[in-house]
There are 2 protein chains.
Amino acid sequence: MRDYTDLPQKVNIIEVGPRDGLQNEKSPLTIEDKVDLIDRLSKTGLQHIESGSFVSPKWVPQMANSDQVLKQIKRKKNITYSALTPNLKGYHLAKSANADAVAIFASASESFSHKNINCSIAESLKRFESVLNEAKRDNIPVRGYVSCVLGCPYEGEISAQAVFDITQALLQMGCYEVSLGDTIGVGTPLKCKQLLQLLLSQIDASRLALHCHDTYGQALANILTGLQEGIFSFDASVSGLGGCPYAKGASGNIATEDLLYMLNNMNIETGVDLSSLIKVGASISHKLNRKNQSKVGAALSA
Amino acid sequence: MRDYTDLPQKVNIIEVGPRDGLQNEKSPLTIEDKVDLIDRLSKTGLQHIESGSFVSPKWVPQMANSDQVLKQIKRKKNITYSALTPNLKGYHLAKSANADAVAIFASASESFSHKNINCSIAESLKRFESVLNEAKRDNIPVRGYVSCVLGCPYEGEISAQAVFDITQALLQMGCYEVSLGDTIGVGTPLKCKQLLQLLLSQIDASRLALHCHDTYGQALANILTGLQEGIFSFDASVSGLGGCPYAKGASGNIATEDLLYMLNNMNIETGVDLSSLIKVGASISHKLNRKNQSKVGAALSA
């Protein structure tokens, strides 16, 4: 466990507000509003923006217009605009919308896998194989998500070994990185540390990211733990967009502004400009007619 | 910097909601409502509840009825019901209301001291001397607060040495403990660590507490830092009562529920029951007609 004098000096922030955030917001956004959000985020210095999802609109109506969104954004060089693709059909749609990268969504929990994507963990890997094969041919990088790494809404405790197994499988199948999701935000620093220590005993930190939901207010403390274990990629959502389908009234992802505030003040580089980001967060919160879930945003834009 | 396997095994939570929390809430509470809040808190296992403040009602009207509150609560053995006393007059009032302990409020920032209590740091120490002398005679323990330990709304940066000097002075004058206040919540783990390392080089951890405001969402990460440095007393406010007079729309103290959730899940004992506390937080949020600022509370009582 590293001292603060020995933390990663540079951190990658993966902005997931336009996907993981918006898909959990009540008010749907128009294509124009989503494009505007992503275009504004593109000017903050962020280098990876998850911009949509090619799941069935039956399940996630908020993401129905992802193809139009990806086609209409003003792309900037050096920014990766990615999209979630649950299967080969989704992958083809993402590819024709020119997604720079795609993401597949697996789970460390059998029950969650069944409820969320209607198949076992093993079956999900089979399903992803075709996506990974095509993406390899097309030279499109694939990011893996693993959900429920610190707990499951159906099973409760999830063993670190189960997380290790699915993470390792995704990496071996060709994912360039696996984002470890505390999907329901139940993780605390001790458990987060124990999980990371097991994973990092055999996986390089450059292949892992942390995706912390702030359902119980623990996200930033868990990210600090991640930094102390050597993790340097973190998912976050501008103005804390999103929520938790398993806890009504709960918060979404860690707010990008709050994460950035901590990193800036610990002299950790990200390339992202906080004041620009605060403006984007205030604007999207206003548009969605919701309270700004970033505490930094709420304090500085009041 | 301690590993999580070597953190304090038992933590004291000092509940400051009825004082630091309520004095920053817009809606004033009746005496009955305050008594009810404190009586409910008394049943959660908390052992120290800051229950009022004997400052001039001209400055803090929300605390005007502290004497009645302290007289009407149902006292439990083993719980310390304390009150803030800015001067000898306040001390006499607290004493006649049977406060079990009193607290004095100093600052590490000259500018904040002038604006907040209208005198220099040195003058404030003089003023506190008479309180400490009488309290010693009366056998009433005195807690010291130091504000602005990680930054000041007027001066910005505050040197760790300035914090050390005032902390040491208060301890030498007879305070049993000094609560280090990140009054405007600007602290981040690196700075918090640097401050604590200086203080702990000459002061025992048993004489220090951390008082973190969550203005910028950093409070729990700073508390984790405190634990890693060996601190084992933390101030917190049920349902995150309060706000920040220096940032409209900002959060108050760290919510006691969110702190407790982390400690419980890291196997650190507090003696406080989370589910009882969540009920108190939901009830007071409802009474104040405000959103529950505890993320744990919001997620679990929706």
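Residues numbered from 1 in each chain as written. Chains lettered and ligands numbered in written order. Predicted model: local features only at pLDDT ≥ 70, side-chain atom pairs only at ≥ 80, totals over all residues. Heavy atoms only, no water.

- Looking up chain A in an unreviewed UniProt entry gives the name Hydroxymethylglutaryl-CoA lyase, with the organism given as Glaciecola petra.
- Under Sequence similarities (unreviewed entry), UniProt gives the following word-for-word description of chain A: "Belongs to the HMG-CoA lyase family." (UniProt positions renumbered as here; feature names shortened; annotations may be inferred.)

### A closer look at the interface of chain A and chain B
Line of reasoning, step 1. On the chain B side, the residues contacting the 38 residues of chain A number 39 residues.
Line of reasoning, step 2. Where chain A meets chain B, there are four salt bridges.
Line of reasoning, step 3. B:Lys295 is the salt-bridge partner of A:Asp214, the closest N and O atoms lying 2.8 Å from each other.
Line of reasoning, step 4. Taken together, the connections running from chain A to chain B amount to 12 residue pairs in polar contact (both at pLDDT 80 or more).
Line of reasoning, step 5. Every element with two or more residues in the side of chain A that touches chain B is listed here: helix H8 (189–200), helix H9 (219–229), helix H10 (256–265) and helix H12 (295–300) of chain A.
Line of reasoning, step 6. Its residues placed into classes, the side of chain A that touches chain B shows 19 nonpolar, 12 polar and seven charged. (Contact = heavy atoms within 4.5 Å. Salt bridge = Lys/Arg side-chain N within 4 Å of Asp/Glu carboxyl O. Polar contact = N/O pair within 3.5 Å; in protein donor to acceptor, adjacent residues only side chain to side chain. Helix = DSSP H or I, 4+ residues; strand = E, 2+ residues; numbered from the N terminus. Nonpolar A, V, L, I, M, F, W, Y, C, P; charged D, E, K, R; others polar.)

### Observations concerning the UniProt feature "domain: Pyruvate carboxyltransferase" (unreviewed entry) in chain A
Line of reasoning, step 1. In this structure's numbering, the residues bearing the UniProt feature "domain: Pyruvate carboxyltransferase" (unreviewed entry) are residues 11–278 of chain A.
Line of reasoning, step 2. When the span residues 11–278 of chain A is considered, its composition is 41% helix and 16% strand, and the gap between its end C-alpha atoms is 19 Å.

### Some remarks on unusual backbone geometry
All names here are of chain B.
Line of reasoning, step 1. Non-glycine residue Asn267 carries a positive phi angle of around 60°.
Line of reasoning, step 2. Locating Asn267 in the fold gives a position in the loop between helix H10 (256–265) and helix H11 (274–287).
Line of reasoning, step 3. Positive phi values are uncommon outside glycine, yet Asn289 reaches one of about 55°.
Line of reasoning, step 4. With respect to the element layout, Asn289 can be found in the loop between H11 and helix H12 (295–300).
Line of reasoning, step 5. For Asn289, a relative accessible area of 72% translates into the label exposed. (Buried < 20%, exposed > 50% of the residue type's maximum accessible area, 1.4 Å probe, protein only.)

### Examining the nonpolar core
Line of reasoning, step 1. Ranked by internal contacts, the top residues of the largest apolar core, which has 201 residues, are A:Leu170, A:Leu180, A:Leu259, B:Leu170, B:Leu180 and B:Leu259.
Line of reasoning, step 2. Discounting chain neighbours no more than four positions away, the residues touching B:Leu259 are B:Ile13, B:Leu220, B:Ile223, B:Phe234, B:Ala236 and B:Ile254.
Line of reasoning, step 3. If you look at the next biggest cluster of nonpolar residues, it comprises five residues, including B:Ile14, B:Val16, B:Leu84 and B:Tyr145. (Core = buried A, V, L, I, M, F, W, Y, C linked by side-chain atoms within 4.5 Å.)

### Considerations on the relation of the copies chain A and chain B
Line of reasoning, step 1. After a rotation of 180° and a shift along the axis of 0.0 Å, chain A superposes on chain B with an RMSD of 0.0 Å. What we have between these two chains is a two-fold relation. Residue A:Ala221, judged by its C-alpha, is the member of chain A lying nearest the rotation axis, at 2.2 Å.
Line of reasoning, step 2. With an isologous cut-off of 70% or more, the 100% of interface residues of chain A that recur at the interface of chain B puts this contact in the isologous class. (Least-squares fit on C-alpha atoms with pLDDT ≥ 70 in both.)

### Describing the sheet that holds strand E5 (residues 142–147) of chain A
Residues and elements named next belong to chain A.
Line of reasoning, step 1. Ordered by their spatial adjacency, eight strands build a closed barrel running E1-E2-E3-E4-E5-E6-E7-E8, and the pairing between neighbours is parallel. Within the sheet, the average angular offset between the axes of one strand and its neighbour, ignoring direction, is 30°.
Line of reasoning, step 2. Lying over the sheet, helix H2 (residues 31–42) contacts strand E1 (12–15), strand E2 (48–53) and strand E3 (80–84), oriented at roughly 170° with respect to E2.
Line of reasoning, step 3. Sitting on the sheet, H8 touches strand E6 (177–182) and strand E7 (208–212), and the angle it makes with E7 is about 160°. (Pairing = 2+ DSSP bridges. Axes fitted to C-alpha atoms, helices over the stretch in contact; angles between N-to-C directions.)

### A closer look at the pairing of strand E2 (residues 48–53) of chain B
Residue and element names in this part refer to chain B.
Line of reasoning, step 1. E2 sits mainly inside the fold: six of its six residues count as buried.
Line of reasoning, step 2. Across five bridges, the pairing between E2 and strand E3 (residues 80–84) is parallel. Bridge pairing in E3 places Ile49 opposite Tyr81.
Line of reasoning, step 3. The parallel pair E2 and E3, bridged by helix H3 (residues 66–72), forms a crossover whose chirality is right-handed. (Right-handed = clockwise from strand over helix to strand, strands pointing away.)

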